[in-house]
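The primary structure of each chain is shown beneath.
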Amino acid sequence: GGTCGLELLDFITNVNLSSQSDGVTLTCSHGKAVDYFVPGYVKIKSGALTGQVRTVLTNTTGTVVVRIPFDDVISSGVNVDIVKLCAKNYQTCEDDFDNYSEYGGYPWVPKEPII
C-alpha cells in the first residue's frame, strides 16, 4: 500500500531530458497537463547527479521547474523520475487519483477539538 491506499508507482513518469538543463528547468516530453506534478518531486536516475531529488514548483506540458536548483547543470539525455504526490484535497483525490472512497477530508479536520 502507498499513500491513500494507492501505489505511488502508478504516478511515476520516467523520461529522458530532451535538452541540457540549467538545474532548474527540465525540458522533457512527460505528456502530462500543466501543474500535474504539483505537488511532486524529480529524482535523477542517471549521470553525475544520480540520486539527487528536488521538489516541483510548477510544470508545463513540456517542462518541469524545481523549487531549489540541482547542484549542477544536467546533461541532455539524463534519465529522471517525475513523481506526482497527493495534494490531500478532495479534487485531487477524485480527479487525479480516482480514489475518493479513501479520502480523509484533510481540509475539514478541526485543528483543535471543538466543544
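Summarised in this report is the structure supplied together with it. (Residues numbered from 1 in each chain as written. Predicted model: local features only at pLDDT ≥ 70, side-chain atom pairs only at ≥ 80, totals over all residues. Heavy atoms only, no water.)

Observations concerning the pairing of strand E3 (residues 40–44)
For step 1, the next point in the chain: Burial along E3 is one-sided: Gly40, Val42 and Ile44 are buried, and none of Tyr41 and Lys43, which face the opposite way, are.
For step 2, the next point in the chain: Taken together, the three bridges between E3 and strand E4 (residues 53–59) define a ladder with antiparallel strand orientation. Directly across from Val42, in E4, lies its bridge partner Arg54. (Buried < 20%, exposed > 50% of the residue type's maximum accessible area, 1.4 Å probe, protein only. Helix = DSSP H or I, 4+ residues; strand = E, 2+ residues; numbered from the N terminus. Pairing = 2+ DSSP bridges.)

Remarks on the pattern of salt bridges
For step 1, the next point in the chain: Under the counting rule described, the total for this entry stands at two salt bridges.
For step 2, the next point in the chain: When the shortest N-O distance is used, the salt bridge between Asp71 and Arg54 registers 3.0 Å. Taken together, the residues span a long stretch of sequence, with Asp71 in the loop between strand E5 (63–66) and strand E6 (79–84) and Arg54 in strand E4 at a distance of 17 residues.
For step 3, the next point in the chain: A residue is classified by how much of its surface remains accessible, and Asp71, at 56% relative accessible area, is exposed. (Salt bridge = Lys/Arg side-chain N within 4 Å of Asp/Glu carboxyl O.)

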